[in-house]
Amino acid sequence: GIRMRKKIIVDPVTRIEGHLKVEVEIENNQVVEAKCSADMFRGIEKSLKGYDYLTAIQITQRTCGCCPYAHAEAAALAIENALNIDLNKNGKLLRNLVIGAYKVKDYILHFYTLSLLDFMDIAAILKYNGNDVEVLKLKEWVVKEINSKAIFPSALFLQRYNAAYIKSRELNFTLIESYLESFQVMREIEEMVKIFGAKSPHMTAIEAGGITTLPTADKLLKYINIAQKSKVFVYEKYLKDVLAVAKKYKSYFKIGKGPNSFLTANTLPDLNGNYTFVAGFSKNFKFEAGVDANEIIEYHDYAYYKPDGGFAPLELEELQPLTLKEFKANDKKYSWAKAPRYKNTVVEVGPAAMVINTYLSGKNKKLNQMVDKINRELNITIRDYNSVMGRHLSRVIMACLMIDKLIDDAFNVDEGVLGFTQLEMPSSFKTGVGITDATRGTLVHMIQIGKDGYIDNYEMIVPTTWNISPKDNKDIPGALELMLLNTKIKDPKNPIEIARVIRSTDPCLACSVH
């Protein structure tokens, strides 16, 4: 007999950064085809041409208000690579203090603000009889909204899919309390970023050569105090909340499985040349160390650019979008994101990739011990991190390890010593590569510095571009498209499963189309 296919379009996907449209086809309530469409064009990287090379650090940060620090770091790393500059001791430590704090804030933001409403039952607040002042204020607001004549009362909370949310009233109340507390914690961590980053978002103190803020005793003391306070929330609330949600949704360790190939970059160095989280490429859980930008190709066949084909970073002098006439006549291309591939392989980047690769590398004993302990508690293995719940778990593991490192690093900073090395003017034509791991995964910046220090060409290959890429020239879907395939949808009118898979990758669309 004829099998009927049904199409589900989620457009826009909410509670993410930017404009993402996801279209799936289901057969027998299972996803058989998936398309992720980035819905906007920006073109920031090529607009850098002709500017002084140091402007890259500030201009690329404007790609995004969520994760600007990562572009500052990658741009600085690319310039340092081109000019062969090493950071001094304080330069390394202070850069860690700025970027690490921003990442911890981002992980908290992702779980509580962007994802938790897919799992906890926010409507349980109407039955709340406790004495938490913030929760009572929220309850009062929700009741007022429901009694109003608004078309969408309490839009943020109650306009949602009808789905299986957490039933335990006690757990819902705990999660709602943490949800509200997380906003204050994020505000305080933002202060940590500003202490040495000068402002946030869009830091001005990250430069090629280090950090330009002088580390005085009062600044270091303030940073350590906030970090120690934030650590309590990370371990006592965030970690426990993620584990509690994971126990209620064990099936989500089997849902949202991506390509089984993971790419990561070194991030958060120590003073001995080692990293907290390490660079590598793993395929079917076999790990090889290091990452090589020359192994990256970006494909255009399904992206709204011309010419079609695959291109190495910096190969193209300009990025040519389709004309309006070509766009209207097109029936194949479907995204403003390109399709990057590493060693001709679709890869997943991000926290799950980082936990998996660092675990396989054996380079961070503390990470392996923490992962093993959690795996015993949840009765899972490292292979289960390639999943919706594995990604949430990976973020909190990284947040725990990061907050500990930030406190250690802050104690190691030499007070009153500038962590910045003044640059010489670049003497001749230079090319530099900056690779780091941002909140959402592997980020590559490449710069060609031309005559008199002006930029000849610039390229950014951004975490969400890897994850939400369209098909490549061999018609192989991108990582998120693969995660969606075979997902079972209980109720096509309320496709919560699709939302949970998408949000587990924390898409940032402004970055992906840069």
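Numbers given to residues run from 1 along each chain, matching the order in which its sequence is written. Note on the predicted model: pLDDT of at least 70 is required for a residue's local features to be given, and 80 or more for side-chain atom pairs to be given and counted; whole-chain, interface and lining totals, by contrast, use all residues. Processing note: side-chain calculations cover all non-hydrogen atoms of the structure and skip hydrogens and water entirely.

Chemist: Help me understand the side chain of Ser200 in this model?
Modeler: A run of H or I in DSSP becomes a helix once it reaches four residues, and a run of E becomes a strand once it reaches two; helices and strands are each numbered from the N terminus. Along the polypeptide, Ser200 turns up in the loop between helix H7 (169-197) and strand E4 (206-207). Pairs of N or O atoms within 3.5 Å make up the polar contacts considered here, provided that, within protein, one atom can donate a hydrogen while the other can accept it, and that residues adjacent in sequence are counted only when both atoms are side-chain atoms. Looking at Ser200, its side chain comes within polar contact range of the side chain of Glu190, at 2.2 Å. Contact partners of Ser200, with chain neighbours within four places excluded, come to Tyr102, Glu190, Val193 and Lys194. We call two residues contacting when some pair of their heavy atoms lies within 4.5 Å.

Chemist: What exactly am I supposed to notice about the pattern of salt bridges here?
Modeler: Charged atoms that come close allow side chains of opposite charge to pair. Counted as salt bridges are all cases of a side-chain nitrogen of Lys or Arg within 4 Å of a carboxyl oxygen of Asp or Glu. Summed over all chains, the structure comprises 35 salt bridges. Between Lys237 and Glu181 there is a salt bridge, and its shortest N-O distance comes to 2.5 Å. Linking Lys237 in helix H8 (residues 217-248) with Glu181 in helix H7, this pair joins segments that are 56 residues apart in sequence. In this structure, Lys338 engages Glu298 in a salt bridge whose closest nitrogen and oxygen atoms are separated by 3.4 Å. Highlighted residues: Lys338 in the loop between helix H9 (324-329) and strand E15 (339-342) and Glu298 in strand E11 (residues 296-299), separated in sequence by 40 residues. For the pair shown, Lys338 and Glu298 are each scored as buried. One network of salt bridges, with partners in common, ties together Glu45, Lys46, Glu298, Lys338 and Glu459. Exposure categories follow from relative accessible area, calculated using a 1.4 Å probe and restricted to protein chains: below 20% of the type maximum is buried, above 50% is exposed, and the middle band is partly exposed.

Chemist: Quick question: what am I supposed to make of the environment of Glu188 here?
Modeler: Among the structural elements, Glu188 can be located in helix H7. Separated by 293 residues in sequence, Glu188 and Glu481 place their C-alpha atoms 36 Å apart. Among residues more than four places away in sequence, those in contact with Glu188 are Ile226 and Lys229.

Chemist: Can you walk me through the packing of aromatic side chains in this structure?
Modeler: The description of two aromatic rings rests on the distance between their centres and on the angle between their planes. Only Phe, Tyr and Trp rings are paired, with Trp represented by its six-membered ring, and only when their centres lie within 6.5 Å; those with planes under 30 degrees apart are stacked, over 60 edge-to-face, the remainder tilted. Per the counting criterion, the structure on display carries 20 aromatic pairs. Arranged with centres 5.0 Å apart and planes meeting at 80°, the rings of Phe111 and Tyr112 form a pair that is edge-to-face. Joined through ring pairs, the aromatic side chains of Phe41, Tyr304, Tyr305, Phe327 and Trp336 make up one cluster. Here, over-ring charges are defined by two tests on the NZ atom of lysine or the CZ atom of arginine: distance to the ring centre within 6 Å, and angle to the ring normal within 35 degrees. Its guanidinium or amino end placed over the ring of Tyr334, Lys35 lies 5.1 Å from that ring's centre, counting from NZ or CZ. Across the ring face of Tyr302, the terminal group of Lys332 is positioned such that the distance to the ring centre comes to 4.8 Å.

Chemist: I'm lost on the packing of H8 against helix H11 (residues 365-378) in this one. Help?
Modeler: For any two helices packed against each other, one specifies the crossing angle of their axes together with the interaxial distance. Orientation is described by lines fitted to C-alpha atoms, with helices fitted over the stretch in contact, and by angles between N-to-C directions that extend from 0 to 180 degrees. In the contact formed by H8 and H11, the axes pass within 11 Å of each other and the chain directions differ by 35°. With respect to the hand of their crossing, H8 and H11 are arranged in right-handed fashion. Contact with H8, carried on its side by Leu239, Leu243, Ala246 and Lys247, involves Met370, Ile374, Glu377 and Leu378 of H11 and no other residues of that element. Left-handed describes a crossing in which the near helix is turned anticlockwise from the far one by less than a right angle; the clockwise case is right-handed.

Chemist: Help me out: how do you make sense of the environment of Cys66 in this one?
Modeler: On the secondary structure map, Cys66 appears in the loop between helix H2 (55-59) and helix H3 (68-83). You can call Cys66 partly exposed: its relative accessible area is 22%. For the pair Cys66 and Thr439, spaced 373 residues apart in sequence, the C-alpha to C-alpha distance is 9.4 Å.

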